[in-house]
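Residues per chain are reported as follows:
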Amino acid sequence: MDKENASLSEKERLEWVETFQQINQLEAQEKKGIRERMINKIKSNPFVPIGMLATTAALTVGIYSMKTGNKRRSQLMMRARIFAQGFTVAALLLGIVVASKTKPTEN
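Residues numbered from 1 in each chain as written. Predicted model: local features only at pLDDT ≥ 70, side-chain atom pairs only at ≥ 80, totals over all residues. Heavy atoms only, no water.

Per an unreviewed UniProt entry, the chain carries the name HIG1 domain family member 2A, mitochondrial and comes from Trichonephila clavata. Turning to the chain, the UniProt record has this under Subcellular location (unreviewed entry): "Mitochondrion membrane". (UniProt positions renumbered as here; feature names shortened; annotations may be inferred.)

Structure (structure tokens):
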């Protein structure tokens, strides 16, 4: 019984050490500038910025087409905008799932 308690205690200590290392890593990351954090986020899930750019482009072209009176292109761009927004939301959700399943790497 003592061996089980000792191994459990050792396991708990290891979990605490790992937790503290993760906290230290997060604190070190917070000390980085906004530019470095944005680059890290883009590298971890590049599909979100791509979806954001596609959404913005479709919206911009759609509004311009609406202003110039090209109803067909305007309607097409608004549909493309909806598709791009769906892609962005799916990329966000997929990124959250992947991040929750992977542990942060130690540097």
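Next comes the rest of the account.
S.K.: Just to check I follow, could you spell out the overall build of the chain for this structure?
M.R.: Each helix and strand counted, the chain has four helices and zero strands in total. Within the span of the chain, comprising 107 residues, buried residues form 12% of the whole. Taking all contacts inside the chain whose residues are at least 6 apart in sequence as the whole, residues at least 24 apart take part in 55%. (Helix = DSSP H or I, 4+ residues; strand = E, 2+ residues; numbered from the N terminus. Buried < 20%, exposed > 50% of the residue type's maximum accessible area, 1.4 Å probe, protein only. Contact = heavy atoms within 4.5 Å.)

S.K.: Could you clarify how one ought to interpret the confidence of the model for the chain in this entry?
M.R.: Interpretation of this model should avoid reading the predicted coordinates in detail wherever pLDDT is low. Of the residues in the chain, 82% reach a pLDDT of 70 or more, and the chain-wide mean stands at 83. Across the chain, the element-wise mean pLDDT spans from 71 in helix α1 (residues 2-30) up to 94 in helix α3 (residues 47-68). (pLDDT = per-residue confidence, 0-100.)

S.K.: Quick question: what am I supposed to make of a nonpolar patch on the surface here?
M.R.: On the surface, a nonpolar cluster with roughly 340 Å² of combined accessible area is contributed by W16, F20 and I23. Judged by relative accessible area, F20 falls into the partly exposed class, the value being 48%. (Patch = residues over 30% accessible without salt bridge, like charges linked within 9 Å, V, L, I, M, F, W, Y side chains within 5 Å. Areas by Shrake-Rupley, 256 points an atom, 1.4 Å probe, with all protein chains shown as cover. Salt bridge = Lys/Arg side-chain N within 4 Å of Asp/Glu carboxyl O.)

S.K.: Could you clarify how one ought to interpret helix α4 (residues 71-101) in this entry?
M.R.: Within an α-helix, residues lying three or four positions from one another point in the same direction, as the helix has 3.6 residues per turn. Here α4 is 31 residues long and its end C-alpha atoms lie 45 Å apart, about the 45 Å a rise of 1.5 Å per residue gives. Within α4, the full set of buried residues consists of S74, M77, M78, A84, T88 and A91. At its buried positions, α4 is contacted by α3. (Expected span 1.5 Å × (residues − 1).)

S.K.: Any chance you could explain the UniProt feature "transmembrane region" (unreviewed entry) in the chain here in plain terms?
M.R.: When the UniProt feature table is mapped onto this chain, "transmembrane region" (unreviewed entry) is found at residues 47-66 and 78-99. The annotated region residues 78-99 carries 100% helix and 0% strand content, and the separation between its end C-alpha atoms amounts to 31 Å.

S.K.: Would you explain the side chain of S74 in this entry?
M.R.: Tracing the chain through its elements places S74 in helix α4. Assessed through its relative accessible area of 8%, S74 is described here as buried. Engagement of the side chain of S74 in a polar contact is seen with the backbone oxygen of G62, the distance being 3.5 Å. Setting aside residues no more than four positions away along its own chain, S74 makes contact with G62, S65 and M66. (Polar contact = N/O pair within 3.5 Å; in protein donor to acceptor, adjacent residues only side chain to side chain.)

S.K.: Even after reading the chapter, I still don't get the side chain of S65, so can you show me in this structure?
M.R.: Mapped onto the fold, S65 is located in helix α3. Taking the relative accessible area as the measure of exposure, S65 reaches 2% and is therefore buried. In contact with S65, not counting residues within four places along its chain, are N70, R73 and S74.

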